[in-house]
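Here's the letter readout for the chains.
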Amino acid sequence: MRLSTRADLLSAWHGHLAQGRRRSEHTVRAYVATAARLLDASSLDSWDAIARLDAAALRQQLARRRADGLTNASAARELSALKGFIAFAREQAGMLDPAPPRMRGPRVKKGIPRPVTPDEAVNLAVTVDEDASEEWIGARDRAVLLLLYGAGMRIAEALSLTGSALPLGETLTVTGKGNKQRVVPVLPILREAVADYAAKCPWPLSKDGPLFRGAKGGPLSQGVVQKAMARARVSLGLPPSATPHALRHSFATHLLGAGADLRSLQELLGHASLGSTQIYTKVDAATLLDVYRNAHPRGD
């Protein structure tokens, strides 16, 4: 099938990502924006034209983006999106080999996540509770942060929970990236925090509605949680690296330090590959090195 307008091309790509591949809203938005930039720069108007793009065309597009100040990490993501778009175009054009042009992306140095300590995690949760404008909002923010630290959930996973999760049991089924489900243990302190929030929430928590509500009753946004934690971070004198996602890093790091094996940790975090989990071995080593340097008489 041939499409001739920019809007049609982008709409089909959007539908493929959102419905066909079930990508997250954030990923869909980013990948469609990447395709739009390619179309604008190249004046492409059909799947056939897009399908004929080669590695040289990809390098040219990335060079344009790098001139705008794109980092290696962003360039790698951009290349992945471009390859996916071309592969989709080749399928639409009926090519026998839909594989995109082979091209190696820029090297991306993996940074080591900076975990917060158990005391800092608890203090952050307590501080967002105490600093909130309303009691129920404080209970809500405390419950969200404790889920991130105590169950290793991504912030998007916590905010996607519905009222059907109530009352929390000893385990919770979480839907993560790619709609993959996993079961995470729920500690008593988490059950108590969520129950406290549910009892104080002024909005009805229906089984098919969002569990965590915004001030006006709609779904709670990630930005609200991030801002609440940023304020708490400043109050406690913690570094900018103490973000909601750092709480998930801390969950993984502390479990690993307590003897959890990588395979079990992979399951708890919902990582598709063990390679994603192995970074936490570096985190734990870095933490031990800090302890050594601070405590050993010749550590410095």
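Residues numbered from 1 in each chain as written. Predicted model: local features only at pLDDT ≥ 70, side-chain atom pairs only at ≥ 80, totals over all residues. Heavy atoms only, no water.

A. Fine view of the overall build of the chain. Helices and strands together make up the secondary structure of the chain, namely 13 helices and two strands. The contacts of the chain with a sequence gap of at least 6 include a subset with a gap of at least 24, amounting to 59%. Approximately 16,400 Å² of the chain is accessible, and the part contributed by carbon and sulfur atoms is 52%. (Helix = DSSP H or I, 4+ residues; strand = E, 2+ residues; numbered from the N terminus. Contact = heavy atoms within 4.5 Å. Areas by Shrake-Rupley, 256 points an atom, 1.4 Å probe, with all protein chains shown as cover.)

B. Summary view of the packing of helix α6 (residues 118–131) against helix α7 (residues 135–151). For the pair α6 and α7, interaxial distance at closest approach is 7 Å and the crossing angle is 160 degrees. One way to sum up the angle between α6 and α7 is to call them roughly antiparallel. Between α6 and α7 the crossing geometry is right-handed. Contacts between α6 and α7 involve Pro 118, Ala 121, Leu 124, Ala 125, Val 128 and Asp 129 on the former and, on the latter, Glu 135, Gly 138, Ala 139, Asp 141, Arg 142, Leu 145, Leu 146 and Tyr 149. Grouping the amino acids of the contact of α6 with α7 by side-chain chemistry returns nine nonpolar, one polar and four charged. (Axes fitted to C-alpha atoms, helices over the stretch in contact; angles between N-to-C directions. Parallel < 35°, antiparallel > 145°, perpendicular 65-115°, else oblique. Left-handed = near helix turned anticlockwise from the far one by under 90°. Nonpolar A, V, L, I, M, F, W, Y, C, P; charged D, E, K, R; others polar.)

C. A look at the packing of aromatic side chains. A full pass over the atoms with the stated rule returns five aromatic pairs. On the basis of an interplanar angle of 40 degrees and a centroid distance of 5.6 Å, the ring pair of Trp 13 and Phe 88 is categorised as tilted. With a gap of 75 residues between them, Trp 13 in helix α1 (residues 6–20) and Phe 88 in helix α5 (residues 72–92) connect regions that are remote in the sequence. Taken together, a centroid distance of 6.0 Å and an interplanar angle of 65 degrees make the contact between Trp 47 and Phe 85 edge-to-face. (Phe/Tyr/Trp six-rings, centres within 6.5 Å; stacked < 30°, edge-to-face > 60°.)

D. Helix α10 (residues 222–236), seen in detail. End to end, α10 covers 21 Å across 15 residues, agreeing with the expected 21 Å (1.5 Å per residue, within 8%). Remark: Gly 237 follows α10 within two positions and exhibits a positive phi of approximately 70 degrees. (Expected span 1.5 Å × (residues − 1).)

E. Structural view of the pairing of strand β1 (residues 171–175). Side-chain alternation along β1 places Leu 172 and Val 174 on a buried face and Thr 171, Thr 173 and Thr 175 on a face that remains uncovered. Looking at chain direction, β1 and strand β2 (residues 181–185) are connected through five bridges and run antiparallel. Residue pairing across strands places Thr 173 opposite Val 183, the latter belonging to β2. Here β1 folds back onto β2, and the loop between the two strands holds five residues, one of which, Gly 178, carries a positive phi near 65 degrees. (Buried < 20%, exposed > 50% of the residue type's maximum accessible area, 1.4 Å probe, protein only. Pairing = 2+ DSSP bridges.)

F. Molecular detail of the side chain of Arg 140. Along the chain, the position of Arg 140 falls in helix α7. For Arg 140, a relative accessible area of 2% translates into the label buried. At 2.9 Å, the side chain of Arg 140 and the backbone oxygen of Arg 213 are in polar contact. The residues contacting Arg 140, other than those within four sequence positions of it, are Tyr 197, Phe 212, Arg 213, Gly 214, Ala 215, Leu 220 and Val 224. (Polar contact = N/O pair within 3.5 Å; in protein donor to acceptor, adjacent residues only side chain to side chain.)

G. Examining the pattern of salt bridges more closely. A full pass over the atoms with the stated rule returns eight salt bridges. Where Arg 140 meets Asp 141, a salt bridge forms, and the shortest distance between an N and an O atom there is 2.9 Å. (Salt bridge = Lys/Arg side-chain N within 4 Å of Asp/Glu carboxyl O.)

H. Representation of the environment of Arg 213 in the model. Its place among the elements puts Arg 213 in the loop between α9 (188–200) and α10. Exposure remark for Arg 213: the relative accessible area of 9% places this residue in the buried category. The spacing of Arg 213 and Cys 201 is 12 residues in sequence and 8.1 Å in space, taken between C-alpha atoms. Discounting residues that sit within four places of it in the chain, Arg 213 has contacts with Trp 136, Arg 140, Tyr 197, Cys 201, Trp 203, Pro 204, Leu 205, Ser 206, Gly 218 and Leu 220. A polar contact is formed between the side chain of Arg 213 and the backbone oxygen of Pro 204, at a distance of 2.9 Å.

I. Region of the structure containing the confidence of the model for the chain. When pLDDT is averaged along the chain, the result is 78, and 75% of the positions lie at 70 or above. Across residues 295–300 the pLDDT falls below 50, and counting only partners more than four positions away or on other chains, this stretch makes four contacts in the model. (pLDDT = per-residue confidence, 0-100.)

J. How the structure looks around unusual backbone geometry. Residue Pro 167 is bonded to the preceding Leu 166 through a cis peptide linkage, with omega at -15 degrees. Checked against the element boundaries, Pro 167 lands in the loop between α8 (155–159) and β1.

K. A look at the packing of α6 against α10. Packing of α6 against α10 leaves a shortest axis separation of 9 Å and a crossing angle of 110 degrees. By the criterion of interaxial angle, the relationship of α6 to α10 is roughly perpendicular. Along the contact surface, α6 presents Asn 123, Leu 124, Thr 127, Val 128 and Asp 131, while α10 presents Ala 228, Met 229, Ala 232, Arg 233, Ser 235 and Leu 236. Considering only residue class, the contact of α6 with α10 consists of six nonpolar, three polar and two charged.

L. Layout of α6. With 14 residues, α6 extends 20 Å from end C-alpha to end C-alpha; this agrees with the ideal 20 Å at 1.5 Å per step. Buried within α6 we find Ala 121, Leu 124, Ala 125, Thr 127 and Val 128. Along the axis of α6, the buried residues cluster in a sector spanning 165 degrees; they form a single face. In α6, the exposed residues that point more than 90 degrees away from the buried face are Asp 119 and Glu 130. (Arc of directions from axis to C-beta.)

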